[in-house]
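Chains, contacts and geometry: an overview
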Protein chains: 2
Amino acid sequence: MDFDSFLTSLGTSFIIFVVLMCLFAWLSSKPGNTVVYYPNRILKGLDPWEGGSRTRNPFTWIKEAMSSSEQDVINMSGLDTAVYFVFMSTVLGIFALSGIILLPALLPVAATDDSIQAAGKNTTSIGTFNDLDKLSMGNITAKSSRLWAFLVATYWVSFVTYFLLWRGYKHVSELRADALMSPEVRPQQFAVLVRDLPDLPKGQSRKEQVDSYFKAIYPDTFYRSMVVTNNKEANKIYEELEGYKKKLARAEAVYAESKSAGKPEGTRPTIKTGFLGLLGKRVDAIEYYNEKIKEIIPKLEAEQKITLKEKQLGAALVFFTSRVAAASAAQSLHAQLVDTWTVSDAPESRELIWNNLNIKFFQRQIRQYVVYVIVALTIMFYMIPIGLISALTTLDNLKKILPFLKPVINITALKTVLEAYLPQIALIVFLALLPKLLLFLSKIEGIPAVSHAVRAASGKYFYFTVLNVFIGVTVGGTLFKTFKSIEKDPNSIVDVLANSLPGNATFFLTYVALQ
Amino acid sequence: MDFDSFLTSLGTSFIIFVVLMCLFAWLSSKPGNTVVYYPNRILKGLDPWEGGSRTRNPFTWIKEAMSSSEQDVINMSGLDTAVYFVFMSTVLGIFALSGIILLPALLPVAATDDSIQAAGKNTTSIGTFNDLDKLSMGNITAKSSRLWAFLVATYWVSFVTYFLLWRGYKHVSELRADALMSPEVRPQQFAVLVRDLPDLPKGQSRKEQVDSYFKAIYPDTFYRSMVVTNNKEANKIYEELEGYKKKLARAEAVYAESKSAGKPEGTRPTIKTGFLGLLGKRVDAIEYYNEKIKEIIPKLEAEQKITLKEKQLGAALVFFTSRVAAASAAQSLHAQLVDTWTVSDAPESRELIWNNLNIKFFQRQIRQYVVYVIVALTIMFYMIPIGLISALTTLDNLKKILPFLKPVINITALKTVLEAYLPQIALIVFLALLPKLLLFLSKIEGIPAVSHAVRAASGKYFYFTVLNVFIGVTVGGTLFKTFKSIEKDPNSIVDVLANSLPGNATFFLTYVALQ
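Residues numbered from 1 in each chain as written. Chains lettered and ligands numbered in written order. Predicted model: local features only at pLDDT ≥ 70, side-chain atom pairs only at ≥ 80, totals over all residues. Heavy atoms only, no water.

Helix and strand content of chain A: 21 helices and six strands. Scored against the burial criterion, the 515 residues of chain A give a buried share of 30%. Long-range contacts, defined here as pairs at least 24 residues apart, represent 68% of the contacts in chain A between residues at least 6 apart. (Helix = DSSP H or I, 4+ residues; strand = E, 2+ residues; numbered from the N terminus. Buried < 20%, exposed > 50% of the residue type's maximum accessible area, 1.4 Å probe, protein only. Contact = heavy atoms within 4.5 Å.)

Right under this line is the structure:
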C-alpha cells in the first residue's frame, strides 16, 4: 500500500462519515422518528423535543454530551456507560499527556537527524511511508545520544499510564460501590446462583433439597429458592394455548362488531382448519378455538406436572431477605468438596445462559481447557488461512482468475480504491468475526451469565492483541531484522535489540491512538 | 564414599537407635518419670500406668499404636495427628503398592541383563555402588525392549499416586468437616481477624471504629471486638508488680512462720536493696515490698491509659455470636479497595504472630516479594558455600591444615567412620538449619499465624526439594552425561535423554522411600 492509497482510504472513510452525519441530522429532525432517536428520553418521561429543533441538531447534541456531568450520565444511561466514559477518558488522558510532552520533544529530535538520508535507504521502510519515517526513531543514527530522549519517553509513558489507570480504577470502584449501595434495589442483589447440586436423596424434590440446605445455614436470612427447570415442552404448549386464546378473543371481537351493525344476530366468523387457513374444512371459528383450548389445557397441566417432577435441573437461584446476606453467601464456600454446591453471584435474570447452568463442575473444567487450546491455536495460527486468502485476492490474481473483471479494474480511480482495501479484506472479515467467535467459545465454556461470557471473550481478545500486535509485530520484526543483519554482520545482534526496545514504546502510543 | 562407608554409616545409625530405644524403655518404666513420658494420659485423667509394667514396655507401645483406631487418635492427640497419619499411610501405600508390583517385576528384568559387565564400566557409577547398580535400569543394554517394563512402571507409579492422593484428600476433608462441626466449640471458630484498618477518623477510638463498622454489616450476629494493642510497656510494669506481690507474700509467710515458733512477736524478714540482694542498705522486707507496690500501681494505671489511647494498632479480632456468621465473614470482602479492612480466619490466639498484625497491606506485598527472591537465591545457589566448606573438610585437607590430627585420623576404623560423615557435614548442618531459616523468612513475610507461617515454610522447602533433587540431580545429571557423550559422539543426545526419563521414576521411588 503506498501513501496515496492510505490517503484515499482516509478520505473515503471521512466522506462516509459526513454523509451519515447529514442523514442522522435530517432523520432525527422528523417528529415521527422520535421513538427511534430518543427512546431513552421517552422512557424516562421527558419531552423528546424539549427546546424544539434549535436544541435538537447534531451540534447541540455534541455540546450536550460534552457538558453533562457523570451523575447525569448514570441517571440517563446507567453505570456501565459511566464506567465506559471513565475508560475512554483514561485512555484519552494517557494519549494526551504523553503526546503533549512527547510530540514537541521527540519529533524535532528525530526530524533534525538524517540517518535515512545519509544511508540512502532504511531496511524496514522500503516503499512504505518514506516521508513519515523521517519523523520516527528510525531516522536517528545508530548509537546516537539522541536515543536517550526516546528512553526517557518510554518511562514518561509508563508513569502517565500507571498513574491514570490507578486513578481510573479508584474512580470506577467508587462508582460501583455507590451503585451497590443505592436505595434502588435490584432482585439479583438478593440472590445467589447455586450450581452442581449433588444427587437427589430418595423421596425428596430438588426444591426441598435446596430449601433445607440453605435454611439450615441461613435460618434468619433465607427467603426462598427457585430451581432451574427445563420447561421447553411445557412452554411450547403454553404458547400454543395463548395463541388460541388470542385468536378466540379476536374472533369474538369480530363477531361482536358484526352484531352491532344492523344485524342483531351477527355473522359468526369462520376459518379453514388446514394449512395457513387456506385449505381444509370451513368451521365456526369461536367454537373451534374453544374446543382447541379445552383440549390443550389438560395437556398443559399434565406436561407441567411432568416438568416439575422430572425436568428440574441441578442448579437453583436462592433468595435472601437482605443484600448483605446474599453478598456474603455468594462469596462463601458451602460444601466440603469443590464440585458440589458451587455458589456465585446471581446475574440479572435476563443475562442467565440457562443451557449452561446444568453443566457439572468437572465438565466445565474440561470445557474450559478445550476452549483455551482452541483459542491459543486461533490466536497463534490465524495468519495461515488469512495469508492464503489474501494471496488469492490481489488485483493481479483476480485478473488471472476472473479475466472478465479486467476492464473494470483497469480504471485508475477504482484501482486505487481497490488496492487500498483488497489486500486487507480477509483480515478485516476475520477481525470482524473474531469477537463473535470468541464470545461463542466463551459461552460453551459453561459460564452462567452473558456479561461474564463477554468479559471472558474480552480477555481472549486481549491476548490476541498482545500476542499479535506487540509480540508478533515488534518482537517478530526485531528477530527478522536481526536475522537479516546477522547475515551481513554477526556482531550486530546487540545493536538491533537495543534499538528496537524503545521503539516499542512509540509504537504502543500509535497503536493506542489508532484503536 | 565407597560401599563399606555406606554400610558403616547405616550400622552406626542402627546402633544409636538401639541404644536410645533401650534408654527409653528403661526410663519410661520408672514411676517418677510418668509426667515426662505420659503427659497426655495424665492430662486426660487416665492412669498412666494402666495395666502395670507388663503393658508399658516398648513393644506393647508399638502394638497399641498399631491397633488404635482413627477416632482414638483424634480423641487422644487431636485432628492434626490423625491428618499426619493419613499422610503417612498414603505415602506408605504409594510405596508399598508400587514396590509390591515393581520390585519383583523390575529387579529380575534389570539383573538378568548384563550391560555393565559387557561394557566393563558404567559412566555414572565408577567407584560408587557397583553391586547395587546391577539391579538398576543402568544395567540394561541401550535400546533394549526391556526398557518398556520401566516405562510401564512409571505409569503404574503415577496411577497409584493419583488414586491414593485423591483418597487421602477426601478422607482429610471429611475429618476436617467433622472437627469443624463438632459440638466442642473453640473460640477461634467465632472470630475473624481484621487487618489494615484505615486511618482513624477524628474523635473516634479504634474500638468504636471497628465496632460501628461491623455492627452495621452484621447487626444480628456481631458480638464484640478486641483491638490489637501493643502492651509491652504496661506488661513490663505489670510483671514487676506481680513479682513484688509474690515476694511480699513470701516475706509474710516467712514472718508468720517465725511467729508461731515460740517467739510470739516473730522475726521480721529483712533484705538488702542493692544488686541481687547482696549489697545496699538492709531494710524491712514487708514494708519495702508494700512501698514498692504502692509506687508501681499508679504507674501501671497511667501506662495502661496511655496504652489504650495511643498504642492500639491497626488490627482487631472481631467476635460473632455464631460459627456460620464468622466463617462467612472470614470469606467475604469488607471494603471497596483491597488494602483496607482485610479479613481472614482467626487463628488460635496462642498462634498469632502479634508483631506481624500491624504490617500494612502494601508492605506485606513488598516483604513477600523480597522474601521470595531471597528464598530463590538460597534454593538455587546454596551449593556454592557448602561446596567450599566441603572442599575444606576432607581428610586430606584436614591433615594439611591441622597436622596434629594425623595420628588420630590414621586409625583405620576411625578413618572409615570419618570418611562416611565428613564430606556431608556441611550439607547436614545446612539441611538441619534450612527449615528454621525458611520459617524465619516466612514469618517476616507478615503472615499473621504461626501455623500459616509453617505452611509457607513447607511450601518453600517443597520447592527446594523439587528444584534440587529432581531438577538438580536428575536433569543436571542428564545434561552432564549428555555433554560428556557429545564430546565423544554428537549423535547420542537423543539416546541419553530417552534413557534418563524413565530412570527418574525409579529414582523418585527410592527418594520417597528414603524420606
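The next subject is the sheet that holds strand 2 (residues 222–229) of chain A. Residue and element names in this part refer to chain A. The sheet built from four strands is open, its strands ordered 2-5-1-6 with antiparallel pairing. Either end of the sheet is taken by a strand with one partner, and the two such strands are strand 2 and strand 6 (342–345). Geometrically, the sheet is characterised by an average inter-axis angle of 25° between neighbouring strands, direction not taken into account. Pairing analysis gives six bridges linking strand 2 to strand 5 (residues 312–320), with the strands arranged antiparallel. By the bridge assignment for strand 5, V227 is matched with A316. (Pairing = 2+ DSSP bridges. Axes fitted to C-alpha atoms, helices over the stretch in contact; angles between N-to-C directions.)

Residue and element names in this part refer to chain B. With respect to the helices and strands, the residue R364 is situated in helix 14 (residues 361–381). Relative accessible area serves as the criterion here: at 12%, R364 is assigned to the buried category. Within the local environment of R364, its side chain forms a polar contact with the side chain of D196, the two groups lying 3.1 Å apart. (Polar contact = N/O pair within 3.5 Å; in protein donor to acceptor, adjacent residues only side chain to side chain.)

For the rest of this paragraph, the subject is the sheet that holds strand 6 (residues 342–345) of chain B. Residues and elements named next belong to chain B. Taken in spatial order, the four strands line up as 2-5-1-6 in an open sheet, and their pairing is antiparallel. With partners counted over all chains shown, the strands left at the sheet margins are strand 2 (222–229) and strand 6, one partner each. Between one strand and the next, the sheet's axes are offset by a mean angle of 25°, whatever the strand orientation. With four bridges connecting them, strand 1 (residues 191–195) and strand 5 (residues 312–320) associate as antiparallel partners. Bridging from a neighbouring strand, V194 pairs with A316 of strand 5.

All names here are of chain A. Inspection of the secondary structure puts I62 in helix 4 (residues 58–67). For I62, a relative accessible area of 37% corresponds to the partly exposed category. Between the C-alpha atom of I62 and that of V371, which follows or precedes it by 309 residues, the distance is 43 Å.

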